[in-house]
Amino acid sequence: MLKMITGGESHGEKLVGILDGLPAGIRVDADYITAMLRRRQGGYGRGKRMSIEEDSPRFVGGIHKGQTTGAPIVIELKNTAGNPVTSERFSPRPGHADFVGYKKFGHLDLNIPTERASARETAIRTALGAICKLFLKSLGIEVFAFVNRIGKVSMQTPYTEIKDIVKKTAESPVYCPDEGVSKKMIEEIDTAIQNKETLGGSFVVVSKGVPAGLGSYTQWDSRIDAALTFALMSIPSVKGVAIGDILKNSKEEGSKVQDMFSVKDGKITRETNHAGGIEGGTSNGEDIVLTALLKPIPTVLSIKRSINIKTLKEETLNYIRSDTVVVPAASVVGEAMVSFVISDFMMQRYGGDSLEEMLRRVTS
Ligand SMILES: Cc1cc2nc3c(=O)[nH]c(=O)nc-3n(C[C@H](O)[C@H](O)[C@H](O)COP(=O)(O)O)c2cc1C
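The structure displayed is predicted, hence computed values, not measured ones.

1. Brief notes about the site of the ligand
Around the ligand sit 18 residues, and of these Lys239, Lys295, Thr299, Ser322 and Asp323 come closest. Lys295 places a side-chain nitrogen or oxygen 2.8 Å from an oxygen atom of the ligand. The fraction of the free accessible surface of the ligand (630 Å²) that becomes covered by protein chains is 85%. Considering only residue class, the shell around the ligand consists of 8 nonpolar, 5 polar and 5 charged.

Listed below in structure tokens is the structure:
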């Protein structure tokens, strides 16, 4: 029911985004959206561009006196990092969209695919996802993300054992709520910078307060697990998504990984949440827990060799301004994308033209 579409290039005048299908009456806090955009720009190990861009959203449609009207929400983000590169580039960088842009659209100047494939586009998705987050908040659903691995440094403590996890994540330069692990992650990044390397890692997105019954097992494309993994896989450099404890549990015996039922305060509860809040493609009322795995970003200072697509001769690559690690920034985009999908499934299940109407349905 919800639709999100974005347009614009990395060094074009602006990025634009449209979010269609949210009810009227959601309070849209511009400062909240700007703060989320700042978080996407941040994270230890990012390049210079982030200090140049000043992301603040301009609302072009669908919002009146700080509230959604029910019409498509239109947002613009001005690009301030400079004009498009004018010199043409014919040597594809491995791991980027350069070569596929040439094969698919016939672009010889590889700046053209780069301009649109650049993760700059995730800024506008973050702005739209922030509105979804606000919508979910008013329905009692909280979505938050944190980094649990950079390179080989992993957080071992389960997130459920960390108090004030959102605050602690915000305080960490790498968006990891474990202070000791954050320090080790920073060391890992510093070593990578010294070695002219890049790093990958993983982040976790948790959705709390999601009611049971979102999604369905009745048709393959109704499954909420499929929709959530699709949304996270759409983030550049995310190459895998795991639900619940599957990365560990696929090596275990079945009897060790079931979430047993018990009764607490007259209600059925689960003793564990290995399934990550989804059974049979449908939310089961527990926290929805998703882990996204990122490849090390492809622009590596030491990679210089490529082939010119016009001459078919070997050519040296010019290094393009780049980050060392983007897992913290990507975690914010992950939060936005998961918020979008859960908002969509809430709309499908509860509907409503206004937030007021929807709240009545959710709480009845
Ligand atoms: C927030 C964010 C920032 C990124 N910044 C860079 C960067 O500075 N340099 C780079 O080589 N890749 C960067 N990437 C990854 C590339 O955009 C991505 O690897 C490339 O477009 C190819 O897409 P794919 O990895 O999904 O196949 C970034 C990704 C994200 C999510």
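Right, picking up where we left off after that structure.
2. Here we look at the layout of surface pockets
The calculated volume of the second largest pocket comes to roughly 850 Å³. Only β7 (142-150), β9 (201-208), α9 (246-249) and β15 (288-294) provide two or more residues apiece to the lining of the second largest pocket.

3. Notes on the pattern of salt bridges
In this structure the tally under the stated criterion is 18 salt bridges. As a salt-bridge pair, Arg120 and Asp55 come within 2.8 Å of each other at their nearest N and O atoms. Taken together, the residues span a long stretch of sequence, with Arg120 in the loop between α4 (111-117) and α5 (122-138) and Asp55 in the loop between α2 (49-52) and β3 (58-61) at a distance of 65 residues. For Arg120, a relative accessible area of 4% gives the class buried. The partner of Lys133 in a salt bridge is Glu335, with the nearest N and O atoms 2.8 Å apart. With Lys133 in helix α5 and Glu335 in helix α10 (residues 327-350), this residue pair connects regions lying 202 residues apart in the sequence. The pair formed by Lys133 and Glu335 is uniform in burial state, with each residue classed as buried.

Conventions and cut-offs
- Residues numbered from 1 in each chain as written.
- Predicted model: local features only at pLDDT ≥ 70, side-chain atom pairs only at ≥ 80, totals over all residues.
- Heavy atoms only, no water.
- Near = heavy atom within 4 Å.
- Polar contact = N/O pair within 3.5 Å; in protein donor to acceptor, adjacent residues only side chain to side chain.
- Areas by Shrake-Rupley, 256 points an atom, 1.4 Å probe, with all protein chains shown as cover.
- Nonpolar A, V, L, I, M, F, W, Y, C, P; charged D, E, K, R; others polar.
- 1 Å grid on protein atoms, 1.4 Å probe; cavity = no way out; pocket = protein on both sides within 12 Å on 5 of 7 lines; lining within 4 Å.
- Points joined across faces, edges and corners; volume = space filled by probe spheres on them.
- Helix = DSSP H or I, 4+ residues; strand = E, 2+ residues; numbered from the N terminus.
- Salt bridge = Lys/Arg side-chain N within 4 Å of Asp/Glu carboxyl O.
- Buried < 20%, exposed > 50% of the residue type's maximum accessible area, 1.4 Å probe, protein only.

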